[in-house]
Amino acid sequence: MAEETVTIIDNTTGKRVDLPILRGTHGPAVFDVRKMYAELGMFTYDPGFVSTATCSSYITYIDGDTGILMYRGYPIEQLAAKSNYLEVCYLLLNGELPSTTQLQTFERNIGDHTMVHEGMRSFYRGFWHDAHPMAFLVGAVGAMSAFYHDSTDVSSPRHREISAHRLIAKMPTLAADSYKYSMGQPFNYPTNSLNYSENFLYMMFAVPTAPYEINPIHAKALNLILILHADHEQNASTSSVRLASSSLANPFASICAGIASLWGPAHGGANEAVIRTLNEIEDPKNIPKFIKRAKDKNDPYRLMGFGHRIYKNFDPRATLIRDACHELLDDMGVSDDPLFDTALELERIALEDDYFSERKLYPNVDFYSGIIMRAMGIPVNMFTVIFAMARTVGWIAQWMEMMDDPEQRIGRPRQLYVGHEKRDYIPIDKRP
Ligand code: ACO
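What counts as what
- Residues numbered from 1 in each chain as written.
- Predicted model: local features only at pLDDT ≥ 70, side-chain atom pairs only at ≥ 80, totals over all residues.
- Heavy atoms only, no water.
- Pairing = 2+ DSSP bridges.
- Helix = DSSP H or I, 4+ residues; strand = E, 2+ residues; numbered from the N terminus.
- Axes fitted to C-alpha atoms, helices over the stretch in contact; angles between N-to-C directions.
- Parallel < 35°, antiparallel > 145°, perpendicular 65-115°, else oblique.
- Left-handed = near helix turned anticlockwise from the far one by under 90°.
- Contact = heavy atoms within 4.5 Å.
- Disulfide = S-S within 2.5 Å.
- Buried < 20%, exposed > 50% of the residue type's maximum accessible area, 1.4 Å probe, protein only.

1. Comments concerning the pairing of strand β1 (residues 5–9)
Bridging between β1 and strand β2 (residues 16–22) involves five bridges; their strand directions are antiparallel. Each bridged residue has a counterpart across the sheet, and for Val-6 the counterpart in β2 is Leu-19. Connecting the antiparallel pair β1 and β2 is a turn made up of six residues, with Gly-14 showing a positive phi of about 80 degrees.

Now the structure itself:
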């Protein structure tokens, strides 16, 4: 069969180039522009990568128009209902669901690495005590390159595997340490007899003065949050990891780039921003005022938790977490939480508003994850830390895939230069 192509013609010079069309399993085809510069002397221009695929990937598929999310081909709804976080980690990393023995081995490998070097805990004490826990986390994960430099040779598959296990295993410990340090409480050690979610809740909430009982409803809700956030193909933080590691930077430094990107309110920081918005709204009767601001072209204000670059119908993660949110609040007898009422009313009003429907702005996963975590007693400034903990496996799976990809090259975007033409240096006493 003849190769499918797209022809690009420069109408100014008449030069043309035929570019091959590549088709994946699902989703829009792409045309391969790699030879375009050589043949046409032109770059493509796409700020925000709206129409640009930066890699091919086997890991996660999203169809934003129909609200589909799949990890390695498995629909998120099935994984959320039937799996657990560590099994999903195995799936993302290895491409297949594990056998019983494979899962046991994986759990043992992760268990072997849950403790962090005692020196890291002293390292925490150097941070300013009441900084944001994300600031601690970004610093601590970056510092893992110093504490675990025996697994930073990215050309070694064994080093890559150990650093992957270390990151997945230690992230809950470091996340809980971030909270403990910000509270001035002693750090807890991980307990390997607990599952991933239970262990995190224990390390975060247990104090030496009283026994701590893990609430199974909370552990279940956290397991769901972790599964739903585990990967999301080439989002800003994942692309940051890929770009950082394309220079063959070590995995800890590269994951640190992902955490830094995730922190922003337009990305993972949105869950925290949602609660702040709901608190600011205070009462459902004030909602129209905030909607008006969000719609005002001259006001940069945005309604946090609404909108998504990819999902233009609904966010399947939001649907799952919305149901879990209702269940959790009912189970805990806090279904009359005024903040939840405000959230539901905000959702209703926004969904009925032409501005939001015309722009396909629907509540995203962060809209509900904040509410659910708040109901579990997790402080607002830990929301993005928990997102980072969940997403670590996605970043690692994407990094590992990239390291084995024969098409991988250092990431080096081009630009359209619109600055000054060449001009001569002016001595300081001659400048206007
Ligand atoms: N409130 C009000 N208006 C919005 C919002 C919002 N939350 N989001 C987008 N818009 C408007 C824009 O003003 C723009 O309007 P215009 O066409 O009249 O100029 C239009 O919708 C398209 O917006 P873009 O910024 O072009 O969309 P983009 O895909 O670049 O941004 C993003 C997506 C960053 C998620 C954006 O919707 C947003 O800022 N939302 C709030 C933050 C948020 O919830 N982030 C979490 C994302 S999910 C996650 O990371 C897990």
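2. Quick word on the packing of helix α12 (residues 270–281) against helix α18 (residues 383–403)
The N-to-C vectors of α12 and α18 enclose an angle of 155 degrees; their axes lie 7 Å apart at closest approach. What the angle tells us is that α12 and α18 run roughly antiparallel. The crossing of α12 and α18 is right-handed. Facing α12, whose interface residues are Asn-271, Glu-272 and Ile-275, α18 presents Phe-383, Thr-384 and Phe-387.

3. Observations regarding the pairing of strand β5 (residues 68–71)
For strand β4 (residues 60–63) and β5, the ladder comprises four bridges, and the chain directions are antiparallel. When the bridges of β5 are listed, Thr-60 appears paired with Tyr-71. If you look at the hairpin formed by β4 and β5, you'll find four residues sitting between the two strands, and Gly-67 has a positive phi there, around 70 degrees. Here two bridges tie β5 to strand β6 (residues 74–75), and the two strands are oriented antiparallel to one another. By the bridge assignment for β6, Met-70 is matched with Pro-75. What sits between the antiparallel neighbours β5 and β6 is a turn of two residues, in which Arg-72 has the positive phi angle 50 degrees.

4. What about the state of the cysteines?
What the rule picks out here adds up to zero disulfides. Residue Cys-55 stays outside any disulfide, its sulfur separated by 20 Å from that of Cys-89, the closest cysteine. By relative accessible area, which is 25% here, Cys-55 ends up partly exposed. For the unlinked cysteine Cys-89, the closest cysteine sulfur is that of Cys-256, found at 20 Å. For Cys-89, a relative accessible area of 0% puts it in the buried group.

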